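Below, each chain spelled out in residue letters.
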Amino acid sequence: MAEKILAVLEQREGNLKRVSFEAASVAVSLASQLGFEAEAVVVGSEINNLNELSKYGISKLTHLKNELLENYSPSAYSEMIALFANESGAKILIFPNTAMGVDLAPRVSVKLNAGIAMDCMKLEVKDNDIIATRPVYAGKSLIDVKLKSGVKIFTIRPNVFRPQPVDSATVQVEIKQVENPNLKTKVTAFKKSEGKIDVAEADIIVSGGRGMKGPENFHLIEELAEVLGAAVGASRAVVDAGWRPHREQVGQTGKTVSPSLYIACGISGAIQHLAGMSSSKYIVAINKDKDAPIFNVADYGIAGDVFEILPALTEEIKKLKS
Ligand SMILES: Cc1cc2nc3c(=O)[nH]c(=O)nc-3n(C[C@H](O)[C@H](O)[C@H](O)COP(=O)(O)OP(=O)(O)OC[C@H]3O[C@@H](n4cnc5c(N)ncnc54)[C@H](O)[C@@H]3O)c2cc1C
């Protein structure tokens, strides 16, 4: 029987997250190169969109189910996934490198005595083994890692590996009811930050850089974001200056994003910023320096002053929408 690669999926409020499809696609692609079988596992209570996974070529999905497992519990989730991986004989596990994944994957690696490479940006098969590329030294460098352990765990950076739909695949879903999960800690409430769209999941992002001159001018970014239903993003320079929160930072040491539309306002386009946003489908740059590197990746460029262009753009879009 073929060896197994297991994609460990993530759900939130009863829906598989997009990054789960990315993990599934990575597992399927590695499995086909290594001659392995790709399976998936998810922990949770009710999950609505399990069948969506069928698009990505996973042959079997196991849902470890209990109503107490709706929210992440480090003790219960890690115990159950390690047990499941052991029983299924999985040799490679792929986790999303999300807040949950970075907590869960190392716990599972300890239980399985597995080597782990986190925040992988590339996974390549060479000589029947996997070479993982991941950032080190706070993102200043990238290294290639080969794990030597029997069981290997990789966490993948969200929005770097695109989900790859395959033709006419089906997924066999098995639901395993879990008795008495080991809930050492229990989530009693789950609060979303009010009205804010996460840049990592947004379809449109309006991002501001040092060209905005100060935090008091970010209302111009927020107003454009509001009319477009977009998330607000930021360069590291403005986050370091304390103008914007870290959760908005886009780039190598911030979040990797892949929206349909990315509007960069007063952002120079340093290599570390491009590392996080250049895979956006359409990039619009507004910068008063026509030679700014951001224009090298932009599909549409506006060479001009953000303080003139942003209010006019917002006004025009409002008119179009009304
Ligand atoms: C290890 C490491 C990791 C890093 N990680 C990240 C990261 O994750 N994300 C990130 O963004 N950076 C990152 N950086 C920092 C990066 O190198 C740049 O310093 C940063 O992206 C610059 O931010 P900025 O473009 O907002 O500012 P600046 O480089 O100062 O550019 C401001 C731009 O605004 C334009 N401008 C000024 N006034 C106006 C105006 N009125 N109208 C229009 N345009 C105007 C200017 O022409 C200029 O192009 C990292 C650096 C290192 C060393």
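Residues numbered from 1 in each chain as written. Predicted model: local features only at pLDDT ≥ 70, side-chain atom pairs only at ≥ 80, totals over all residues. Heavy atoms only, no water.

Trainee: Quick one: what's the story with the sheet that holds strand 9 (residues 129-136), residue by residue and with numbers?
Mentor: Here three strands make up an open sheet; going across it, the order is 8-9-10 and the pairing antiparallel. This sheet does not close on itself; its edge strands, each paired only once, are strand 8 (122-126) and strand 10 (141-145). Pairs of neighbouring strands in the sheet enclose a mean axial angle of 25°, with direction left out of account. Direction of pairing for strand 8 relative to strand 9: antiparallel, over a ladder of five bridges. Residue pairing in the sheet places Glu 124 in a bridge with Ile 131 of strand 9. (Pairing = 2+ DSSP bridges. Helix = DSSP H or I, 4+ residues; strand = E, 2+ residues; numbered from the N terminus. Axes fitted to C-alpha atoms, helices over the stretch in contact; angles between N-to-C directions.)

Trainee: So what's going on with the packing of helix 2 (residues 74-88) against helix 3 (residues 99-112)? Residues and values would help.
Mentor: Look at helix 2 against helix 3: their axes get within 9 Å of each other, and the N-to-C directions meet at 50°. The orientation of helix 2 relative to helix 3 falls into the category oblique. Our pair here, helix 2 against helix 3, has a crossing hand that is right-handed. Here helix 2 contributes Pro 74, Tyr 77, Ser 78, Glu 79, Ile 81, Ala 82, Ala 85 and Asn 86 to the contact with helix 3, which in turn contributes Met 100, Asp 103, Leu 104, Arg 107, Val 108, Lys 111 and Leu 112. (Parallel < 35°, antiparallel > 145°, perpendicular 65-115°, else oblique. Left-handed = near helix turned anticlockwise from the far one by under 90°. Contact = heavy atoms within 4.5 Å.)

Trainee: Tell me about the sheet that holds strand 5 (residues 60-65), and name the residues and values.
Mentor: In spatial order, the strands read 7-11-6-1-4-5-12; together these seven strands make up an open sheet with parallel pairing. Strands at the two margins of the open sheet, each flanked by one partner only, are strand 7 (115-120) and strand 12 (172-177). Taking each pair of neighbouring strands and ignoring which way they run, the sheet shows an average axis angle of 20°. Of the strand pairs in this sheet, strand 6 (residues 90-96) and strand 11 (residues 152-156) are connected by five bridges, and their pairing is parallel. If you follow Pro 96 over to strand 11, its bridge partner there is Ile 156. In the packing of helix 1 (residues 18-34) onto the sheet, the strands contacted are strand 1 (4-8), strand 4 (37-44), strand 6 and strand 11, and the crossing angle to strand 1 comes to about 170°. Of the strands in this sheet, strand 1, strand 6, strand 7 and strand 11 touch helix 3, which is tilted by about 165° from strand 6.

Trainee: Before we move on, can you summarise the pattern of salt bridges with the specific residues and values?
Mentor: Counting across every chain of the model gives 17 salt bridges. In this structure, the salt-bridge partner of Arg 157 is Asp 119, at a minimum N-O distance of 3.0 Å. On the criterion of sequence distance, the pair formed by Arg 157 in the loop between strand 11 and strand 12 and Asp 119 in strand 7 is long-range, its members being 38 residues apart. Of the two residues examined, Arg 157 and Asp 119, each falls in the buried class. Across the pair Asp 240 and Arg 236 runs a salt bridge, and its minimum N-O distance is 3.1 Å. One end of the pair, Asp 240, and the other, Arg 236, are both in helix 5 (residues 236-240), four residues apart, so they sit about a helical turn from each other. Note on Asp 240: relative accessible area 55%, which makes it exposed. A network of salt bridges, in which partner residues are shared, links Glu 10, Arg 12, Lys 17 and Glu 201. (Salt bridge = Lys/Arg side-chain N within 4 Å of Asp/Glu carboxyl O. Buried < 20%, exposed > 50% of the residue type's maximum accessible area, 1.4 Å probe, protein only.)

Trainee: Residue-level account of the site of the ligand, with values.
Mentor: Every one of the 28 residues lining the ligand counts as a neighbour, but Ser 235, Thr 253, Ser 268, Gln 272 and His 273 are closest to it. Note that a nitrogen atom of the ligand is positioned 3.0 Å from one of the side-chain N or O atoms of Asp 305. Taking 990 Å² as the accessible area of the ligand by itself, protein coverage stands at 82%. When residues of the shell around the ligand are traced back to their parent elements, those giving at least two are helix 5, helix 6 (271-277) and helix 8 (306-321). In the shell around the ligand, the residues fall into seven nonpolar, 14 polar and seven charged. (Near = heavy atom within 4 Å. Polar contact = N/O pair within 3.5 Å; in protein donor to acceptor, adjacent residues only side chain to side chain. Areas by Shrake-Rupley, 256 points an atom, 1.4 Å probe, with all protein chains shown as cover. Nonpolar A, V, L, I, M, F, W, Y, C, P; charged D, E, K, R; others polar.)

Trainee: So what's going on with the packing of aromatic side chains? Which residues, and what values?
Mentor: Per the stated rule, a full pass over the model turns up three aromatic pairs. Arranged with centres 5.1 Å apart and planes meeting at 85°, the rings of Tyr 72 and Tyr 77 form a pair that is edge-to-face. For Tyr 77, a relative accessible area of 2% translates into the label buried. (Phe/Tyr/Trp six-rings, centres within 6.5 Å; stacked < 30°, edge-to-face > 60°.)

Trainee: Could you give an account of helix 4 (residues 219-228), with specific residues and numbers?
Mentor: All buried positions along helix 4 are accounted for by Leu 220, Ile 221, Leu 224, Ala 225, Val 227 and Leu 228. End-on, the buried residues of helix 4 take up no more than an arc of 165°, which puts them together on one face. In this structure, the buried side of helix 4 is in contact with strand 13 (204-208), strand 14 (231-234), strand 15 (261-265) and helix 8. Where helix 4 ends, the next residue or the one after it, Gly 229, has phi of about 65°, a positive value. (Arc of directions from axis to C-beta.)

Trainee: Explain the domain arrangement of the protein chain to me, and be specific about the residues and the numbers.
Mentor: Assigned domains of the protein chain: these are domain 1 (4-177) and domain 2 (204-321). Taking only C-alpha atoms into account, the centre of domain 1 sits 32 Å from that of domain 2. At the junction of the two partners, domain 1 supplies nine residues and domain 2 supplies eight residues. Of the roughly 660 Å² buried where domain 1 meets domain 2, counting both sides, 31% is carbon and sulfur surface. Broken down residue by residue, the surface that domain 1 buries against domain 2 is led by Arg 157, Asn 159 and Arg 162, which jointly contribute 60%. Applying the counting rule to domain 1 against domain 2 returns zero salt bridges. Our count for the domain 1 to domain 2 interface comes out at five residue pairs in polar contact (both at pLDDT 80 or more). Of the residues belonging to the side of domain 1 that touches domain 2, the class tally is three nonpolar, two polar and four charged. (Domains from an automatic or database assignment. Buried area = accessible area lost by both parts, 1.4 Å probe.)

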